[in-house]
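Spelled out, the chains give:
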Amino acid sequence: MDTSINCSVDRNLLPYDTACLLIKNSLPYPVDLFSVSTECYQCNGTYWTTVPLLADLSMLVSAAHKLTLTAIIQGNRQRVCQKSALFTQHEVVSWDILNCTLTTQEKGDNVFLPLYFFTGFVVSLMLLLTICKAAYHSRWAQNLLTRDPAIIDLQNDLGNPSSSSDSLPLVQSELIPLRRLNTPRILSLDTFRGLTIALMIFVNYGGGKYWFFEHSAWNGVTIADFVFPWFAWVMGVSLVLSYRSKLRSCVSRRAVFWVSLRRTTALVALGLLVNMFGHDDLSTARFCGVLQRLGMAHLVVSTLEITFMKKQPSFQVRRWLPISELVESWCQWLVIMLLVAIHLVVTFHLPVPGCPTGYLGPGGVGNYSWAPHCTGGAARHIDTIMFSDSHLYDSGPVKRVYHTTVPFDPEGILGTLTTCLTVYLGVVAGYIILCYNSTRQRCTHWLFWALLTGVISGSLCGWSQEGGLIPVNKQLWSLSFALLTSASGFLLLAILFVIVDHFNWWSGSPFRYAGMNAILLYIGHIITRHTFPWSWKPYNVTDHKELFLMNVSGVVLWLLISKVLHSNEIFFSV
């Protein structure tokens, strides 16, 4: 936000999420300007520019987050004005330092218009398809189709021209699809996984460059922060359904464990290959990653389930007990709680050289530059010991916002322990599917767990973004973060189950096809991230329209690919 610009001439050429600030200094001495964004918590203002005495200046400012602007007299460091404002894209605002006022001269643009149009288009399309489907299955349409001369000729060709009443049901059943019968596969689960991978692709492609489709810089959550934990949570649901089925089929526990080990090895190997795609320098190879963490969490949780799970649940007679899932799997819960306890003890009590014990901050300029080299505290210290700084992630929003100087890997070792909790809460949701038959029972238990985990999460973070004993933090995969995202998983699965599996209001298409090929889509979208037709160099970067269209079209292409794979019965999922 330090670019000079002529607002009257270049307003229509401003980049997206920027505004033009006209600074008027009527004081007889130069003024130093400092700025800080609300995205940077507990940060001191950084030097921005100097406005000469009795001079005007036009500057480009960010319109994504609220800014605090401070004017200080050069020399004696006396503050003469401080203003906080959330600017609008392409807005022109005048700042009179002498009177300390902000005045809007030209109104900005509505950055959400592309989202509104896209939402309206999707809703209209869904309504149109619903109306067409209802009309097609109506009695009027059936009578019209069965009276078609072509159908009568077809009946004659079948060899029964005299008794059309006998042949009609056969012809009608082929031409008019009947209501989908219940199948063992939970379609809402595939739909959930498909929605998650589609959102992940959209976020990784850029999310239309909207700030809420970017990961949070440190504490707090955005829409993008729910994607990874949802994927891990759904993996837990699928895990218990798959392995319980194998055990019921009289497959030995040792054989099932080898299946789990092969799956883990494949995930870790694919993750390493993805990290090294386009790179050949092993000295800076990144060992941690999304698939690696999923693989290790899968190994831990699947080993627990394969070892302790019962082939037939024993709490079917205690359906009234809301926490019967805890009683059924108390051995697994004991180990998971031990992992969580280890995570908390290490996080808050491991001595980190040169850093406060139990530090959870972002380092850099965060916490008023109190511990600039302590990003992530114990989590980073463990990763540094295991891998060294040269093999850790050295980018991301924490570096951009807090100006950190040390690398920090958001998929490091310590956070894997609480990821196991996320996966196991998904296992609990799977137990509910296996042990309760009615939709009411399943949804009641899912909603109970959503409430329980949500309340505990809120209590840990003090129902605020930055407060509480354990703030919600995706980078550290804090306990409150694991519980919050799992609560949303329980809630979303309950909603999808009612819509997709119970009432059949929605088949889950096209997302359920993506959910059945999630791993292929994950790897493919990373490899093709900067390749046409999934992306192109935008012609217009003054707003979000083309960027949003490009990222949505990339997701649509992968949804079409998943549909083709499904048609050919090719599946690559977790």
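Here the residue index of a chain counts from 1 through its sequence in written order. A pLDDT threshold of at least 70 governs which residues receive local features in this predicted model, and a stricter bar of 80 or more applies before side-chain atom pairs are shown or counted, although totals over entire chains, interfaces and linings include all residues. Side-chain calculation: all heavy atoms of the structure are included, whereas hydrogens and water are not.

## A closer look at a nonpolar patch on the surface
- To count toward a patch, a residue needs a relative accessible area above 30% and no salt bridge. Like charges then connect within 9 Å, nonpolar side chains (Val, Leu, Ile, Met, Phe, Trp, Tyr) within 5 Å. Every accessible area reported is derived by Shrake-Rupley at a probe size of 1.4 Å, with residue values counting cover from the shown protein chains alone. Basic side-chain nitrogens of Lys or Arg form a salt bridge, by our definition, when they fall within 4 Å of a carboxyl oxygen of Asp or Glu. Taken together, Phe112, Leu113, Tyr116 and Phe117 make up a surface patch of nonpolar side chains, about 440 Å² in accessible area.
- Secondary structure elements follow DSSP: runs of H or I no shorter than four residues count as helices, runs of E no shorter than two count as strands, and numbering proceeds from the N terminus. The topology assignment puts Leu113 in helix H2 (residues 113-136).
- The exposure class of Leu113 is partly exposed, given its relative accessible area of 39%. For every residue, the accessible area (1.4 Å probe, protein chains only) is compared with the maximum for its type, and the residue is labelled buried under 20%, exposed over 50%, or partly exposed between those bounds.

## With respect to the pattern of salt bridges
- Per the counting criterion, the structure on display carries 10 salt bridges.
- Here Arg380 makes a salt bridge to Asp389, at a shortest N to O gap of 2.9 Å.
- Overall, the relative accessible area of 11% leaves Arg380 in the buried class.
- One salt bridge connects Asp394 with Lys399, and the closest N-O pair in it is separated by 3.5 Å.
- The class for Lys399 is partly exposed, based on a relative accessible area of 30%.
- Among the charged side chains, a salt-bridge network with shared partners connects Arg286, Asp409, Glu411 and Lys474.

## Re the sheet that holds strand S3 (residues 46-51)
- Two strands pair under a simple rule: DSSP has to find at least two bridges between them. Taken in spatial order, the four strands of this open sheet run S3-S2-S5-S6, and their pairing is antiparallel. The sheet is open, and its two borders are formed by S3 and strand S6 (79-85), each paired with just one other strand. Between one strand axis and the next, the sheet turns by 20 degrees as a mean value, whatever way the strands run. Every axis in this analysis is a line fitted to C-alpha atoms, fitted for helices over the stretch in contact. Angles between the N-to-C directions lie between 0 and 180 degrees.

## Points about the nonpolar core
- Nonpolar core, defined: a set of buried Ala, Val, Leu, Ile, Met, Phe, Trp, Tyr and Cys residues in which side-chain atoms within 4.5 Å join the residues together. Core analysis: the largest hydrophobic core is formed by 105 residues, its most contacted members being Trp233, Leu421, Trp446 and Phe490.
- Contact criterion: two residues are considered in contact whenever any of their non-hydrogen atoms come within 4.5 Å of each other. Apart from the residues within four sequence positions on either side, Phe490 is in contact with Trp233, Leu425, Val428, Ala429, Trp446, Trp449, Ala450 and Thr453.
- Ranked by size, the runner-up nonpolar core spans 20 residues in total, among them Leu27, Cys81, Trp95 and Ile97.

## Remarks on unusual backbone geometry
- Put simply, Ser509 and Pro510 share a cis peptide bond, and its omega is 0 degrees.
- By secondary structure assignment, the location of Pro510 is in the loop between helix H17 (479-502) and helix H18 (511-515).
- Residue Pro533 is reached from Phe532 by a cis peptide bond, and omega for that bond is 10 degrees.
- Considering the arrangement of structural elements, one finds Pro533 in the loop between helix H19 (518-527) and helix H20 (545-567).

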